[in-house]
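Listed below are the residues making up each chain.
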Amino acid sequence: DGGITQSPKYLFRKEGQNVTLSCEQNLNHDAMYWYRQDPGQGLRLIYYSQIVNDFQKGDIAEGYSVSREKKESFPLTVTSAQKNPTAFYLCASSSTGTSIYEQYFGPGTRLTVT
Amino acid sequence: AQKITQTQPGMFVQEKEAVTLDCTYDTSDPSYGLFWYKQPSSGEMIFLIYQGSYDQQNATEGRYSLNFQKARKSANLVISASQLGDSAMYFCAMREVNTNAGKSTFGDGTTLTVKP
């Protein structure tokens, strides 16, 4: 089955530690995205990548870093510089091109930092 | 400026009735797409329906239809014959082809509760 996997589903970390969230897709999509969602709110774009070895900052990139070494994988690192890292993190992917394609989302990772 | 506005933080509907969730958008790009997603309490985002800016007809997908009024920049989601399983948060989103690097912009969402 094609889809997006995110692991783990729940993640707990101590303040001051970096943590990496995994995102893998087997949909053969060129574009991948990371969003942050706070309780009762909408999605905010952290980083996105439209092709391997290239990525762009979204609206709230400070305190986060990404890599895109493989088409299938787009891991997100939440660094200790992120002031309020506790949130729900969603990874998405989509096709690219002249048409407009919907985004497919993974199940998300709930990160709690204490 | 807010690109996607969902003015209804919460909505209630009786089971089997229809409900309309509002969405207005703002863009100067002539080529864009509008999406609706459903987010149940589990957190996954489920794609529901898509409307392209050049589409002449309103999109429909089963019990979901999109009331697209281009001149008013409105893209309301209509759910017919509501079911208890429709209780969730609903997000309107937009992707612009020529501006904003094709990124999606999401509204703040509407929480729909279906009453038995």
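Model, not experiment: these values are computed from the prediction.

Conventions we followed
As a convention, each chain's residues are numbered from 1 in the sequence order in which they are written. Chain letters start at A and ligand numbers start at 1, both assigned in the order the entries are written. Two thresholds apply to this predicted model, a pLDDT of at least 70 for residue-level local features and 80 or more for giving and counting side-chain atom pairs, whereas whole-chain, interface and lining totals are computed over all residues. With hydrogens and water excluded, all non-hydrogen atoms of the structure serve as input to the side-chain values. Residue contacts follow a heavy-atom distance rule, with two residues in contact if any of their heavy atoms lie within 4.5 Å. Defined here as a combined quantity, buried area equals the accessible surface (1.4 Å probe) lost by two parts on assembly, summed across both. Salt bridges are counted wherever a side-chain nitrogen of Lys or Arg sits within 4 Å of a carboxyl oxygen of Asp or Glu. Here a polar contact is taken to be a pair of N or O atoms separated by no more than 3.5 Å, where protein atoms must pair a possible hydrogen donor with a possible acceptor and residues adjacent in sequence count only if both atoms sit in side chains. Here a strand is any run of E in DSSP of at least two residues, a helix any run of H or I of at least four, and the numbering for each starts at the N terminus. Relative accessible area decides the class of each residue, using a 1.4 Å probe on protein chains only: under 20% of the type maximum gives buried, over 50% gives exposed, and in between gives partly exposed. Only when DSSP finds a minimum of two bridges between them are two strands counted as paired. Fitted lines through C-alpha atoms serve as axes, helices being fitted only where they are in contact, and the angles separating the N-to-C directions of these axes extend from 0 to 180 degrees.

1. Section: the interface of chain A and chain B
The interface of chain A with chain B comprises 20 residues on the first partner and 24 residues on the second. For the pair chain A and chain B, the summed buried area comes to about 1,700 Å², and 56% of that belongs to carbon and sulfur atoms. Inspection of the region where chain A meets chain B yields 0 salt bridges. Viewed at the interface, chain B and chain A are joined by 5 residue pairs in polar contact (both at pLDDT 80 or more). A total of 4 residues in the side of chain A that touches chain B trace back to one element, the largest contributor, which is strand 5 (residues 43–51) of chain A.

2. Considerations on the side chain of Thr79(A)
Secondary-structure assignment places Thr79(A) in the loop between strand 8 (76–78) and strand 9 (87–94). When sequence neighbours within four positions are dropped, the list of residues in contact with Thr79(A) reads Asn18(A), Gly63(A), Tyr64(A) and Ser65(A).

3. What to know about the pattern of salt bridges
Once the charged atoms of two side chains with opposite charge are near each other, the side chains can pair. Residue and element names in this part refer to chain B. Throughout the structure, instances matching the rule amount to 6 salt bridges over all chains. Two residues, Glu-96 and Lys-3, come together in a salt bridge whose shortest N-O distance is 3.0 Å. With Glu-96 in strand 10 (residues 88–96) and Lys-3 in the segment before strand 1 (4–5), this residue pair connects regions lying 93 residues apart in the sequence. When its relative accessible area of 27% is taken as the criterion, Lys-3 is described as partly exposed. Note that Arg-63 is salt-bridged to Asp-86, the shortest N-O span being 2.8 Å. One end of the pair, Arg-63, is in the loop between strand 7 (60–61) and strand 8 (64–69); the other, Asp-86, is in the loop between strand 9 (74–79) and strand 10, with 23 residues separating them in the sequence. For Asp-86, a relative accessible area of 2% corresponds to the buried category.

4. Description of the pairing of strand 6 (residues 46–52) of chain B
In terms of strand pairing, strand 5 (residues 32–39) of chain B meets strand 6 of chain B through 6 bridges, oriented antiparallel. Within the sheet, the bridge partner assigned to Trp36(B) lies in strand 6 of chain B and is Ile49(B).

5. A look at the sheet that holds strand 3 (residues 19–25) of chain A
Residues and elements named next belong to chain A. The 4 strands lie next to each other as 1-3-8-7, forming an open sheet whose pairing is antiparallel. Of all strands in the sheet, those bounded by a partner on one side alone are strand 1 (4–7) and strand 7 (64–66). Going from strand to strand, the sheet's axes swing by 20° on average, the running direction of each strand aside. Bridge count between strand 3 and strand 8: 3 bridges; the pairing is antiparallel. Bridge pairing links Thr-20 to Thr-77 in strand 8.

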